[in-house]
Amino acid sequence: KLACFVYLGASKLLCSVDVFSAVNDSGLVYDGGIVVDKNFRTVDPWIYAVGDATKFSRYFTDMVPHSCYNAREIGIYCAKILLNTHLDPRSPNVRYGYFFRGEEQSNGALTAASSGSVPTILQMKSISMTLPGGLYYFRSRLGKIPEETIPMITKDQSVGSVFLLRIDNLGVVVEIVYIGLEQVECRNLSQLIGWHESFLNGASFAFSSGLIADWITFFRDNWATALYHDKFPDLATGLRKALEADQNLFAILDSVFETAENSSDDQLVAGKRREIIGDRCELLSEATKHTIESQMLDFLRKHKQLLSRFHIPQLMTSHSKGDNQKSPKGRS
């Protein structure tokens, strides 16, 4: 008997003899996975392969395993390739008959693909499951995680949970891992991947200051509901556009870019950013703060039906109901 909190047993992945024979007899290249080009096409231009059992050619070094890719994103990418190459009659790239196949064979599918780069996969991949002992497991991560990261871990003994929030040296959330006896909102938590920690209510500063006892409680708080709104990326886009004309921000960016050009250390760049704007952007100019505040209030007003937990300040009118005297303009 082995005394332990949880035991995980895993065996080696076995390839079906029939599947391997079908791949091998078809002349497809197998190198620890079915080798595909940047369009997920095998050496036979009429056979495409997508999934955990595929890999790019060794020509592309330092590649992320396909098992780390988001299946939906890869599916959409490949569907566009197939439509543009084989199915859409309006596309000038569509070829018909065996002429296309012979032409590609003579050129070599993989060689032709080597001149380009493989697709950049941006979306996260999430996994959730139930483990022995009534434990729930959830993991969401980017396809490629830097070697140097900053792990921030909380433990809640009352519900027997451990939560890992991992950010890169620039502050971008790259991975979330949870294991515990309590079910969590997996869909909501997966939405946090890829965002800078400053969008998460200054998560890094709050953690280092000892303000975070449990990440689950933190991300269940009322303020976090906006993060899970499907229009939240629109807020980020609006902020970028609004700040493009901010002269104060130009000086900040110039200083950060200068540091980045003179050093390859991401932590040094992130430190320069904090030095200029503060841990929670408290050192920004009043004009910049006002621009950000205006964008956020406009977003909340536009989606107030779904974000009802937020109090939205209203501009006072010059004539209040039941009061003919003028009121000073300002926010209530």
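Conventions we followed
Residues numbered from 1 in each chain as written. Predicted model: local features only at pLDDT ≥ 70, side-chain atom pairs only at ≥ 80, totals over all residues. Heavy atoms only, no water. Helix = DSSP H or I, 4+ residues; strand = E, 2+ residues; numbered from the N terminus. Buried < 20%, exposed > 50% of the residue type's maximum accessible area, 1.4 Å probe, protein only. Contact = heavy atoms within 4.5 Å. Salt bridge = Lys/Arg side-chain N within 4 Å of Asp/Glu carboxyl O. Core = buried A, V, L, I, M, F, W, Y, C linked by side-chain atoms within 4.5 Å. Axes fitted to C-alpha atoms, helices over the stretch in contact; angles between N-to-C directions. Parallel < 35°, antiparallel > 145°, perpendicular 65-115°, else oblique. Left-handed = near helix turned anticlockwise from the far one by under 90°. Nonpolar A, V, L, I, M, F, W, Y, C, P; charged D, E, K, R; others polar. Phe/Tyr/Trp six-rings, centres within 6.5 Å; stacked < 30°, edge-to-face > 60°. Polar contact = N/O pair within 3.5 Å; in protein donor to acceptor, adjacent residues only side chain to side chain. Expected span 1.5 Å × (residues − 1). Pairing = 2+ DSSP bridges.

**Notes on the overall build of the protein**
Then step 1. Helix and strand counts for the protein come out as 11 helices and nine strands.
Then step 2. For the protein, buried positions account for 35% of its 332 residues.
Then step 3. For the protein, contacts bridging at least 24 residues in sequence account for 52% of all contacts bridging at least 6.

**Focus: the pattern of salt bridges**
Then step 1. Per the counting criterion, the structure on display carries 10 salt bridges.
Then step 2. Asp31 serves as the salt-bridge partner of Lys55, at 3.7 Å between the closest nitrogen and oxygen. Placement of Lys55 in strand 2 (residues 54-56) and of Asp31 in the loop between helix 1 (17-25) and strand 1 (34-36) is noted, with a sequence separation of 24 residues between them.
Then step 3. A salt bridge links Lys272 to Glu275, with the shortest nitrogen-to-oxygen separation between them at 3.8 Å. Of this pair, Lys272 and Glu275 are both found in helix 10 (residues 266-277), three residues apart, which corresponds to roughly one turn of the helix.

**Structural notes on the nonpolar core**
Then step 1. Judged by nonpolar contacts, the single largest core of 37 residues is most densely connected at Phe163, Leu165, Trp215 and Phe219.
Then step 2. Only strand 6 (161-168), strand 7 (173-180), helix 6 (203-208), helix 7 (215-220), helix 8 (232-243) and helix 11 (286-302) provide two or more residues apiece to this core.
Then step 3. Filtering out sequence-adjacent residues up to four positions away, Phe219 remains in contact with Phe163, Leu165, Leu189, Leu192, Leu200, Ala224 and Tyr228.
Then step 4. Among the nonpolar cores identified, the runner-up in size contains 15 residues, and Ile34, Val64, Cys78 and Val118 belong to it.

**Some points on the packing of helix 9 (residues 247-262) against helix 10**
Then step 1. Relative orientation of the contacting elements helix 9 and helix 10 amounts to 155°, with a least axis distance of 9 Å. Classified by the interaxial angle, the pair formed by helix 9 and helix 10 is roughly antiparallel. Relative to helix 10, helix 9 is oriented so that their crossing is right-handed. Along the contact surface, helix 9 presents Ile252, Ser255, Val256, Thr259 and Ala260, while helix 10 presents Leu268, Val269, Lys272, Arg273, Ile276 and Ile277.
Then step 2. For the contact of helix 9 with helix 10, a count of residues per class yields seven nonpolar, two polar and two charged.

**Remarks on the packing of aromatic side chains**
Then step 1. Tallied over the full model, the rule gives 12 aromatic pairs.
Then step 2. Residues Phe199 and Phe232 carry aromatic rings whose centres are separated by 6.0 Å and whose planes lie at 85° to one another, so their mutual orientation is edge-to-face. With Phe199 in the loop between helix 5 (186-190) and helix 6 and Phe232 in helix 8, the pair connects residues that are 33 residues apart, well separated along the chain.
Then step 3. Clustering of aromatic rings is evident, with ring pairs tying together Phe163, Tyr178, Phe207, Trp215, Phe218, Phe219 and Trp223.

**Description of the side chain of Thr54**
Then step 1. The topology assignment puts Thr54 in strand 2.
Then step 2. A polar atom in the side chain of Thr54 sits 2.8 Å from the backbone oxygen of Gly51.
Then step 3. Filtering out sequence-adjacent residues up to four positions away, Thr54 remains in contact with Ile34, Val36, Ala49 and His66.

**A few points about helix 9**
Then step 1. In a regular helix each residue adds 1.5 Å, so 16 residues correspond to 22 Å; helix 9 covers 23 Å between its end C-alpha atoms and thus fits that length.
Then step 2. In this structure, the buried side of helix 9 is in contact with helix 8 and helix 10.
Then step 3. Regarding helix 9, its N-cap is Asp246, as a side-chain oxygen of that residue lies 2.9 Å from the backbone nitrogen of Asn248 further along.

**Observations concerning the sheet that holds strand 3 (residues 125-131)**
Then step 1. With respect to topology, five strands assemble into an open sheet ordered 3-4-7-6-5, the strand pairing being antiparallel. Edge strands, defined here as strands with exactly one partner in the open sheet, are strand 3 and strand 5 (149-156). Across the sheet, the axes of successive neighbouring strands diverge by a mean angle of 10°, strand direction being ignored.
Then step 2. Pairing analysis gives six bridges linking strand 4 (residues 135-141) to strand 7, with the strands arranged antiparallel.

**Examining the environment of Thr130**
Then step 1. Relative to the assigned elements, Thr130 resides in strand 3.
Then step 2. For the pair Thr130 and Gly180, spaced 50 residues apart in sequence, the C-alpha separation works out to 9.8 Å.
Then step 3. Apart from the residues lying within four places of it in its own chain, the contact partners of Thr130 are Leu135 and Tyr136.

**Here we look at the pairing of strand 5**
Then step 1. Two elements, strand 5 and strand 6, share eight bridges in a ladder whose sense is antiparallel. Residue Lys155 lies in a different strand from strand 6, and its bridge partner there is Val162.
Then step 2. What sits between strand 5 and strand 6 in their antiparallel hairpin is a turn of four residues, with Gly160 showing a positive phi close to 60°.

**Digging into unusual backbone geometry**
Then step 1. For Asn201, which is not glycine, the phi torsion reads 60° and is therefore positive.
Then step 2. Within the secondary structure, Asn201 is located in the loop between helix 5 and helix 6.
Then step 3. Take Asn201: its relative accessible area is 35%, and that puts it in the partly exposed class.
Then step 4. Residues other than glycine seldom take positive phi values, yet Cys281 does so here, at roughly 60°.
Then step 5. When you line up the elements, Cys281 lands in the loop between helix 10 and helix 11.

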